[in-house]
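Coordinates in review
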Amino acid sequence: MSDVTIGLVGVGKIARDQHLPAIAATPNCRLAAVADPHAALDDVPSYANLDAMLDAHPEISAVAICTPAHLRYSQARAALLRGKHVLLEKPPGATLSEVEHLITFAGEQGVSLFAAWHSRFAPGVAQAKQWLAERQVQRVMIEWKEDVRVWHPGQAWIWQPGGMGVFDPGINALSIATEILPQPFFLRQAQLLVPSNAQTPIAAELAFTDPRGAVIEANFDFRQTGPQIWDIHIDSDGSRLSLTQGGCRLEIDDELIIEAEEREYPGLYAHFVDLVANGRSEVDVAPLRQVADAFLYGHRDTTDAFI
Ligand code: NAP
């Protein structure tokens with residue numbers, strides 16, 4: 001298997017916390033350079049923008065895009081145009097239409113495009129999916145509550161169009177739900193709470209159903225202090241599956257099945273290397289479509305300004 005030589009765009013929180021260590025730990029994967037208008041790394045060649053990075057490093061075969069979502073399309077298109085494979089941080093774009101075009105364009109360019117839903121690589125997700133595959137789901141309760149000041153310090157983009165507000169973490173829960181639930185599900189009602197000085201919600205309550213009438217509820221809140229909650233509980237045929245701690249812990253009928261350390265990004269990069277080696281792309285827009293539906297169909301209430 002030949003190496004995937006990465007150029008990374010957007011040296012912010014997620015790049016430093018997760019991408020850099022995961023690339024370093026992934027066999028057949030190495031970081032050649034980074035691009036960011038302000039941030040640089042001491043030990044890696046750093047450039048002010050994507051084009052400068054690609055001009056200086058023709059050996060780069062793949063670009064990992066870790067900028068805010070409103071920049072995703074133009075940067076991904078520029079990388080694809082130069083024949084590079086592309087890994088898109090979540091969400092894969094600011095709109096569904098632009099992601100659809102990237103899928104087509106990557107196919108035309110003959111390179112791999114990977115929409116990296118990192119939460120799907122949490123330790124308990126694959127087994128939860130397997131357990132649910134043949135079952136009928138009656139009820140799902142999703143609680144995704146975290147403190148925006150801890151996880152997104154000083155990030156103004158999150159309150160702007162395309163920033164998604166509380167759906168930035170909420171889409172992680174939806175990426176798990178769309179992966180593990182055995183039936184497609186769709187929005188019936190949404191209540192979005194938007195700070196008076198923001199364009200995106202700080203909290204959201206969502207009600208979905210599926211073709212068999214399951215009751216599926218999600219509660220997202222960015223104002224959570226104290227313990228952070230990333231839990232999904234699923235009632236099915238008299239049993240309860242609980243995927244908690246963001247998918248690190250899986251319990252079925254109170255029996256602990258999996259409790260493991262979070263290692264999403266090493267799994268994600270190993271999968272990207274595999275996609276590239278096999279000439280494949282993987283872009284599932286289902287989680288982004290659920291968020292788009294909530295913005296399309298949700299009621300909005302205004303709440304206190306976010307300071
Ligand atoms: P962030 O800390 O704001 O990092 C984004 C970086 O991109 C910043 O350094 C920013 O620079 C830089 N940037 C802005 N414009 C650029 C351009 N044209 N070219 C290159 N770099 C540019 O945000 P983040 O938390 O890392 O999130 C980035 C993406 O990852 C978001 O889509 C988010 O949803 C996703 N994500 C975040 C997390 C998390 O926990 N934070 C987890 C998973 C996924 P300036 O600050 O100077 O503008």
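The name given to the protein chain in an unreviewed UniProt entry is Gfo/Idh/MocA family oxidoreductase, and the organism recorded there is Halomonas casei.

Turning next to the site of the ligand. In the vicinity of the ligand there are 27 residues, among which Ile14, Asp36, His38, Gln155 and Asp168 approach most closely. At a separation of 2.9 Å, an oxygen atom of the ligand approaches a polar side-chain atom of Trp157. Between the ligand and Asp168, the relevant distance is 2.5 Å, taken from an oxygen atom to a side-chain nitrogen or oxygen of the residue. Protein contact buries 79% of the 880 Å² of open area that the ligand shows by itself. Given that more than half its atoms are within 2 Å of the pocket grid, the ligand belongs to the largest pocket. Counting residues per element, the ones that place at least two in the shell around the ligand are helix 1 (13-25) and helix 3 (72-81). Residue composition of the shell around the ligand, grouped by class: 13 nonpolar, 8 polar and 6 charged.

Turning to the UniProt feature "domain: Gfo/Idh/MocA-like oxidoreductase N-terminal" (unreviewed entry) in the protein chain, a few remarks are in order. The UniProt feature table records "domain: Gfo/Idh/MocA-like oxidoreductase N-terminal" (unreviewed entry) at residues 5-114. Taken end to end, residues 5-114 comprises 40% helix and 22% strand; its first and last C-alpha atoms sit 15 Å apart.

What counts and how
Residues numbered from 1 in each chain as written. Predicted model: local features only at pLDDT ≥ 70, side-chain atom pairs only at ≥ 80, totals over all residues. Heavy atoms only, no water. Near = heavy atom within 4 Å. Polar contact = N/O pair within 3.5 Å; in protein donor to acceptor, adjacent residues only side chain to side chain. Areas by Shrake-Rupley, 256 points an atom, 1.4 Å probe, with all protein chains shown as cover. 1 Å grid on protein atoms, 1.4 Å probe; cavity = no way out; pocket = protein on both sides within 12 Å on 5 of 7 lines; lining within 4 Å. Sits in = over half its atoms within 2 Å of the grid points. Helix = DSSP H or I, 4+ residues; strand = E, 2+ residues; numbered from the N terminus. Nonpolar A, V, L, I, M, F, W, Y, C, P; charged D, E, K, R; others polar. UniProt positions renumbered as here; feature names shortened; annotations may be inferred.

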